[in-house]
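# Coordinates in review
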Amino acid sequence: MTGRPWSLRRRLTLTLIGGAAVLAILFYLVVRTYAQQIAQQSQDRILEASVTSLLDAAVVRDGQIELDVPYAAFSMLDTAADDRVFYAIQQGNEFLSGYDGLALDDADPGAGPIFATRAFQGTQVRVARLTRNLPASPRPVLLTVSVAQTRDSLAGTLWTISVNAAVFGAAFFLLAAGMALWTSASTLRPLGQIAASVARRGPGDLRPVIRPVPLELSPLVASFNSLMTRLSHSLTQSETFIAEAAHRVRTPLATVRSHAEATLMRVDKDENRQALRSMIRAIDESSRAAGQLLDHAMVTFRSDQLETQDVDLVTICSEIVDRLTPVAEMMDLELGLQSDGPVPVRADPILIQNAVRNLVDNALKYSAAEGAIQITVTARPSPTITVTDQGIGFPQTEMASLSQRFQRGDNAKGTVGSGLGLTIAKDVAEAHGGRLELRNMEAGGACAILHL
Amino acid sequence: MRNLAFVIFGLWAGLVHAAELEDRRLFEGAAGQVTLRVLSSTDTDIFAPILDGFLERNPTIDIDYAVAGSADIVTLISDCPDCFDVVISSAMDLQLKLANDGLARRLPGLNGAPGSQWRQSLFGFTLEPATVVLNREAFAGRDVPETRQELIEALRADPEHFRGKLGTYDVRLSGLGYLFATQDARTSETYWRLMEVFGNLDAQLYCCSGDMIDDLARGDLFVAYNVLGSYASSRPETRDKVAIITPRDFATTMMRTVLVLDSTTREAAATALVGHLISGAWTAQDRPGYPLPSIGAADPSLLNVVSLEPGLLVYLDRLKRQLFLGAWSSALVR
Ligand SMILES: Nc1ncnc2c1ncn2[C@@H]1O[C@H](COP(=O)(O)OP(=O)(O)O)[C@@H](O)[C@H]1O
Ligand SMILES: [Mg+2]
């Protein structure tokens, strides 16, 4: 992968927060605009009422306009901000009363009142103007009334509403931002959970993910599962193949060996016998390696599908001791077992057996004659099987890598082996949730401890 | 450009002949540096204690105190807006109009009593009801009327006793008289009936409250209608001779208001004076000798207080004024 990895969560959060910010600003603008309209409308309504009440109070008497201004006409224009009030009354184009500057030249009896915002006396005012025909003889009289008011109260109202809208918008934004954080976290939580559960698995665990997952993740999980299935299938296949191959090699090797032995009986020539003996040794080595491979494949397989039962470690070890004592005696080695009564555990006996046999095999291989090999089984603090010998000991520098597959130590030169013995022991220990500990004895000799 | 105020108040100017100062006195602070020019409708003698109190606290200020009728004040201001810094008047409507026309400076630092200020530029600092002042001797042995209706009945009961002995403001000359008359007319029809009776009994018309109270004390008048009680009670020599009655039906009550002209160059001193007047409006009851009724002392439920709002502009309208004066003259002027 190239470039910096980007975060789905951050992208989701930013998108949501950005959306919330846009909405909050939109909210503020809409409320403000709307409030402005409403405030302007209500000022217009009052101005209109004022103008109308003035016009309603006008009569023509003896050709003269008589306008008994109602107190309410101006009283109703009282505002919280004490807005200034101006007005003009005119007959046709002739100014009658009020503020001259507010009068206009082209009086026109329109249908409804006209509203305008304009400058007057150095400030912005809202003007409402209405023209009416008053019946009179010989001809009707055209009366125009204009009432104007400053916009301080309107500005105050708008300011209050704007501040409130801004506060609401900000609160909305903060809430939405919090929700965005929570949403993106909770949306992506299943992803993290799957990743964590996969990460927690053991190295050999190739089971499919079966926990319920969100719809959107199921394609990913499905392909992950199918990948796992294919992987485990091919692993099994290769292990089966190894086991099969080892088996196939061992059988003809046994045949070849028996032929070689029979031939050895019959030849007398010293150099021929010598050749046959090394041939037999090579055959043994190959068959042993094949056996180890087979064992390893078997251990891997059984470890994957571990089936445990109640077993006694002491019983298993004493069976091994019984079986290997003849071999040990042939090599002038003493093989002993030590324990304080049975050590019951839940385990796969075949695997334990295999592990212990490999450890004892090593002890036999890397011990000098006349030494003693000791198997100790303890129950406390945890069940362990310790195999010690009095041989050359593990090569100190390679201790950490000895239990890897096909890994053999410096001290193994000249010794027959495949490098799988410790691997098998370690795999068995780990399959049971334990570990394999290797160290050297102070008095010399190796010590391998199988913790279960 | 034509002077707007001049156009609008042209009528006043026409009626009022040449507007002139009635009195002018300089009040000197201990270390006077700034001279504050005050144009006021309140007589110097009444206002003097308030100014003395102010100068005591603000010794760097001198006050050039000029007195003119409330209607003349408008003319003087429109003729020469730069000649004064502070305007004090009892004619609320004219004051409000000055403020509405942009002649008053806004003083955002000051806080008047609720309802006693307009646009942060016009501040009320007294609460003074229009009263009926009676000559005690003339009413000896008679029931003292306490409402307008009772006054009408008293006058009707003995018209010859009262003929020529009734007085009220000539609303064509007095700004305060016009304010009281228009607010009375707005409040109740009784006003017009009372004025009919006054007219029938040859009522005397006065330009100023001082003359009215003098005549009342002398016994030339028996009843003075719509006089400020504070004026009558402030003169010790008349106090015993007159009875001051606040009508129980309704008492039209005005606020004496102060504003600072926008053209002033002495805003700090002017603001200090306005602040002084406002604080007096509240604390006067604790201060013996404060000459004017404070807002705090009044019982608001009894009073028909003229509120500071644009409605005050209504009776200043030329057409409206024509109509009102027409009706008033036909009732009172024979
Ligand atoms: N008991 C022991 N003493 C000394 N070295 C040992 C012993 N067991 C194992 N080793 C070392 O660990 C290496 C790995 O052991 P193992 O996996 O059993 O392979 P091998 O087939 O070589 O025995 C050996 O090659 C040897 O070097
Ligand atoms: Mg080995």
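Structure shown above.
My aim in this report is to walk through the structure given alongside it, one point at a time. (Residues numbered from 1 in each chain as written. Chains lettered and ligands numbered in written order. Predicted model: local features only at pLDDT ≥ 70, side-chain atom pairs only at ≥ 80, totals over all residues. Heavy atoms only, no water.)

What follows is about the pairing of strand β4 (residues 86–89) of chain B. All names here are of chain B. Covered by surrounding structure in β4 are Val-86 and Ile-88 together with Val-87 and Ser-89, the residues of both alternating faces. Pairing of strand β2 (residues 34–40) with β4 involves three bridges; the strand directions are parallel. Within the sheet, the bridge partner assigned to Leu-39 lies in β4 and is Val-87. Summarising the sheet, β4 and strand β13 (residues 257–260) pair through four bridges and their orientation is antiparallel. Bridge pairing in β13 links Ile-88 to Val-258. (Buried < 20%, exposed > 50% of the residue type's maximum accessible area, 1.4 Å probe, protein only. Helix = DSSP H or I, 4+ residues; strand = E, 2+ residues; numbered from the N terminus. Pairing = 2+ DSSP bridges.)

Residues and elements named next belong to chain B. By the definition in use, this model includes two disulfides over all chains. One disulfide bridge connects Cys-80 with Cys-83, the sulfur atoms lying 1.8 Å from each other. Here the S-S torsion is close to 75°, and the disulfide linking Cys-80 with Cys-83 is therefore right-handed. (Disulfide = S-S within 2.5 Å.)

Turning next to the nonpolar core. Counting 145 residues, the largest nonpolar core has Phe74(A), Ile63(B), Phe198(B), Val223(B) and Phe324(B) as its most contacted members. Sort the elements by how many residues they give to this core and helix α3 (residues 44–57) of chain B lands first, with seven residues. Sequence-distant contacts of Phe324(B), defined by excluding residues within four places in its chain, comprise Tyr178(B), Ala181(B), Thr182(B), Ala185(B), Tyr191(B), Trp192(B) and Tyr315(B). Residues Val311(A), Val345(A), Ala425(A) and Leu450(A) belong to the second largest nonpolar core, which totals 42 residues. (Core = buried A, V, L, I, M, F, W, Y, C linked by side-chain atoms within 4.5 Å. Contact = heavy atoms within 4.5 Å.)

To continue, consider the sheet that holds strand β11 (residues 372–378) of chain A. All names here are of chain A. Spatial strand order, β9-β11-β12-β14-β13: five strands in an open sheet with mixed pairing. Sheet topology places β9 (334–339) and β13 (435–440) at the edges, where each strand pairs with a single neighbour. Between one strand and the next, the sheet's axes are offset by a mean angle of 15°, whatever the strand orientation. In this sheet, strand β14 (residues 446–451) lies alongside strand β12 (residues 384–388) in antiparallel orientation, the contact comprising five bridges. If you follow Thr-384 over to β14, its bridge partner there is His-451. (Axes fitted to C-alpha atoms, helices over the stretch in contact; angles between N-to-C directions.)

This part takes up the packing of helix α6 (residues 148–157) of chain B against helix α9 (residues 190–200) of chain B. Residues and elements named next belong to chain B. At a minimum axis separation of 10 Å, α6 and α9 run at an interaxial angle of 20°. Here α6 lies roughly parallel to α9, going by the angle between them. In this structure, α6 meets α9 at a crossing whose hand is left-handed. Side by side, α6 and α9 meet where Arg-148, Gln-149, Leu-151, Ile-152, Leu-155 and Arg-156 of the first sit next to Thr-190, Arg-193, Leu-194, Val-197 and Phe-198 of the second. (Parallel < 35°, antiparallel > 145°, perpendicular 65-115°, else oblique. Left-handed = near helix turned anticlockwise from the far one by under 90°.)

What follows concerns the sheet that holds strand β1 (residues 23–27) of chain B. Think of a sheet as strands paired side by side through backbone hydrogen bonds, with each pair either parallel or antiparallel. All names here are of chain B. In space, the seven strands of this open sheet follow the order β1-β3-β2-β4-β13-β6-β5, with mixed pairing throughout. Two strands close off the open sheet at either side, each with one partner strand: β1 and β5 (117–118). The strands touched by helix α4 (residues 70–79) are β2 and β4; relative to β4, the strand with the most contacts, the crossing angle is about 160°.

On to the site of ligand 1, then. Residues and elements named next belong to chain A. Close to ligand 1 lie 20 residues, the nearest being Asn-362, Lys-365, Asp-389, Arg-408 and Asn-411. Taking Arg-408, its side chain carries an N or O atom lying 2.5 Å from an oxygen atom of ligand 1. A distance of 2.9 Å is found between an oxygen atom of ligand 1 and a backbone nitrogen or oxygen belonging to Gly-409. When ligand 1 is considered free in solution it has 520 Å² of accessible area, and contact with the protein chains removes 98% of it. One can see that ligand 1 is located within the largest cavity. Listed by contribution, the elements that provide at least two residues to the shell around ligand 1 are α7 (349–365) and α8 (421–431). (Near = heavy atom within 4 Å. Polar contact = N/O pair within 3.5 Å; in protein donor to acceptor, adjacent residues only side chain to side chain. Areas by Shrake-Rupley, 256 points an atom, 1.4 Å probe, with all protein chains shown as cover. 1 Å grid on protein atoms, 1.4 Å probe; cavity = no way out; pocket = protein on both sides within 12 Å on 5 of 7 lines; lining within 4 Å. Sits in = over half its atoms within 2 Å of the grid points.)

If you look at the interface, chain B gives 26 residues, while chain A gives 27 residues. Together chain B and chain A conceal approximately 2300 Å² of surface at their shared face, both sides included; 53% is due to carbon and sulfur atoms. The three residues of chain B that bury the most area against chain A are Arg119(B), Leu319(B) and Leu323(B), which together make up 23% of that side's buried surface. If you look at where chain B meets chain A, you find three salt bridges. Lys320(B) is the salt-bridge partner of Asp68(A), the closest N and O atoms lying 2.5 Å from each other. If you look at where chain B meets chain A, you find 15 residue pairs in polar contact (both at pLDDT 80 or more). Looking at the side of chain B that touches chain A, the elements that each hand over two or more residues are α1 (4–8), α5 (92–100), β5, α8 (175–187) and α14 (318–332) of chain B. Considering every element that reaches the side of chain B that touches chain A, the biggest residue donor is α14(B), with four residues. Taken together, the residues of the side of chain B that touches chain A sort by class into 11 nonpolar, five polar and 10 charged. (Buried area = accessible area lost by both parts, 1.4 Å probe. Salt bridge = Lys/Arg side-chain N within 4 Å of Asp/Glu carboxyl O. Nonpolar A, V, L, I, M, F, W, Y, C, P; charged D, E, K, R; others polar.)

Moving on, we come to the pairing of strand β7 (residues 128–135) of chain B. Residues and elements named next belong to chain B. Buried residues dominate β7, accounting for eight of its eight residues. Along β7, one buried face is formed by Glu-128, Ala-130, Val-132 and Leu-134 and the opposite face, lined by Pro-129, Thr-131, Val-133 and Asn-135, is buried too. Note: β7 against strand β12 (residues 251–254), two bridges, orientation antiparallel. Its bridge partner lying in β12, Glu-128 is registered against Met-254. Pairing geometry for β7 and strand β10 (residues 223–228), over five bridges, is antiparallel. Pairing of Thr-131 across the sheet is with Val-227, part of β10. Judged from the four bridges that link them, β7 and strand β11 (residues 242–245) form a sheet pairing that is antiparallel. Within β11, the position partnered with Val-132 by the bridge is Ile-245.

We now examine unusual backbone geometry. In this structure, the amide linkage connecting Ser137(A) to the following residue, Pro138(A), adopts the cis form with an omega of 5°. Residue position: Pro138(A) is located in the loop between β6 (123–134) and β7 (141–150). Between Arg380(A) and the following residue, Pro381(A), the backbone shows a cis peptide bond with an omega angle of 0°. Take Pro381(A): it is sitting in the loop between β11 and β12. Non-glycine residue Phe406(A) carries a positive phi angle of around 60°. Here Phe406(A) shows up in the loop between β12 and α8. Residue Asp202(B) is not a glycine yet carries a positive backbone phi of 55°. As for its placement among the helices and strands, Asp202(B) is situated in the loop between α9 and β9 (204–206).

For the rest of this paragraph, the subject is empty space enclosed by the protein. If a probe the size of a water molecule is rolled over the atoms, the empty space left behind becomes visible. Residues and elements named next belong to chain A. Scanning all chains against the criterion turns up three cavities of 30 Å³ or more. Approximately 370 Å³ is the volume attributed to the largest cavity. Taken together, 29 residues make up the lining of the largest cavity; nearest its centre are Asn-362, Tyr-366, Phe-394, Leu-402 and Leu-422. Those elements giving two or more residues to the lining of the largest cavity turn out to be α5 (270–304), α7, α8 and β14. A per-element tally of the lining of the largest cavity places α7 first, with six residues. Class assignment for the residues of the lining of the largest cavity results in 14 nonpolar, 10 polar and five charged. (Points joined across faces, edges and corners; volume = space filled by probe spheres on them.)

What is shown is where atoms sit, not what they do.
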